[in-house]
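Coordinate inspection notes
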Amino acid sequence: DEVRACWSDIQKCFDYRSQQFRDIYVPALRKAYPSGSYANEGDYFEPAWQQAFWGESYPGLLAVKRQVDPAGLFVCRRCVGSEEWTEDGNCRLGRNFATDVVSPANL
């Protein structure tokens, strides 16, 4: 029970600081710097990550990504093209890997 009580306090602190970060600091940073960030320091839960991390360059970056990686196999969370994958990065959304990716046209 002691560990559970301690963890509960830690979780409350984390939740408070996360909310404070999203409600106070992120809006101030977005006002000063509307787009762009170092991806490893961005908010893991950023809902508008394409704009926040990549700015107006995102559509062009996505076009290049699709040209050099047509099967879309090089992926990481919140990287260009990752919206085509599940949040955990394990499954492609809306594509059948066997027929859409591993086909003679994509090799």
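Here's what I pulled together on the structure shown here. The structure presented is a predicted model; accordingly, all values stated were derived computationally and were not measured.

What counts and how
- Residues numbered from 1 in each chain as written.
- Predicted model: local features only at pLDDT ≥ 70, side-chain atom pairs only at ≥ 80, totals over all residues.
- Heavy atoms only, no water.
- Helix = DSSP H or I, 4+ residues; strand = E, 2+ residues; numbered from the N terminus.
- Buried < 20%, exposed > 50% of the residue type's maximum accessible area, 1.4 Å probe, protein only.
- Polar contact = N/O pair within 3.5 Å; in protein donor to acceptor, adjacent residues only side chain to side chain.
- Contact = heavy atoms within 4.5 Å.
- Patch = residues over 30% accessible without salt bridge, like charges linked within 9 Å, V, L, I, M, F, W, Y side chains within 5 Å.
- Areas by Shrake-Rupley, 256 points an atom, 1.4 Å probe, with all protein chains shown as cover.
- Salt bridge = Lys/Arg side-chain N within 4 Å of Asp/Glu carboxyl O.
- Core = buried A, V, L, I, M, F, W, Y, C linked by side-chain atoms within 4.5 Å.
- Disulfide = S-S within 2.5 Å.

Here Glu 46 shows up in the loop between helix H1 (2-32) and helix H2 (49-54). When its relative accessible area of 9% is taken as the criterion, Glu 46 is described as buried. Within the local environment of Glu 46, its side chain forms a polar contact with the backbone nitrogen of Ala 48, the two atoms lying 3.1 Å apart. Setting aside anything within four residues of it in sequence, one finds Glu 46 in contact with Arg 30, Ala 52, Phe 53 and Arg 78.

For Lys 65, the location among the structural elements is in helix H3 (residues 58-68). You can call Lys 65 buried: its relative accessible area is 15%. If sequence neighbours within four positions are ignored, Lys 65 has contacts with Pro 70, Gly 72, Phe 74 and Val 80.

Right, let's get into a nonpolar patch on the surface. Where nonpolar side chains cluster on the molecular surface, the patch consists of Phe 21, Ile 24, Tyr 25, Leu 29 and Tyr 33 and spans about 530 Å² of accessible area. Its location among the elements puts Phe 21 in helix H1.

Next up on the list: the nonpolar core. Among the nonpolar cores identified, the biggest contains six residues, and these are Trp 49, Ala 52, Phe 53, Tyr 58, Leu 62 and Val 80. Among the secondary structure elements, those contributing two or more residues to this core are H2 and H3. In terms of residue count, the dominant contributor to this core is H2 (three residues).

Working definition: the covalent bond between the sulfur atoms of two cysteines is a disulfide. Overall, the coordinates contain one disulfide when judged by the stated rule. Paired by a disulfide, Cys 76 and Cys 79 hold their sulfur atoms 1.7 Å apart. Here Cys 76 and Cys 79 share a disulfide; its torsion about the S-S bond, -60°, makes the bridge left-handed. Relative accessible area serves as the criterion here: at 37%, Cys 76 is assigned to the partly exposed category.

Once that is clear, we can look at unusual backbone geometry. Phi is positive for Arg 78, close to 60°, though the residue is something other than glycine. Note that Arg 78 resides in the loop between H3 and helix H4 (97-101).

Turning next to the environment of Phe 53. Of note, Phe 53 is situated in helix H2. Look at Phe 53 and you get buried, because its relative accessible area is 6%.

Per the counting criterion, the structure on display carries five salt bridges. The partner of Glu 87 in a salt bridge is Arg 78, and the shortest N-O contact between them spans 3.4 Å. For Glu 84, the salt bridge goes to Arg 92, with nearest N and O atoms at 2.7 Å. For Arg 92, a relative accessible area of 17% translates into the label buried. Connected through salt bridges with shared partners, the residues Arg 66, Glu 84 and Arg 92 form a single ionic network.

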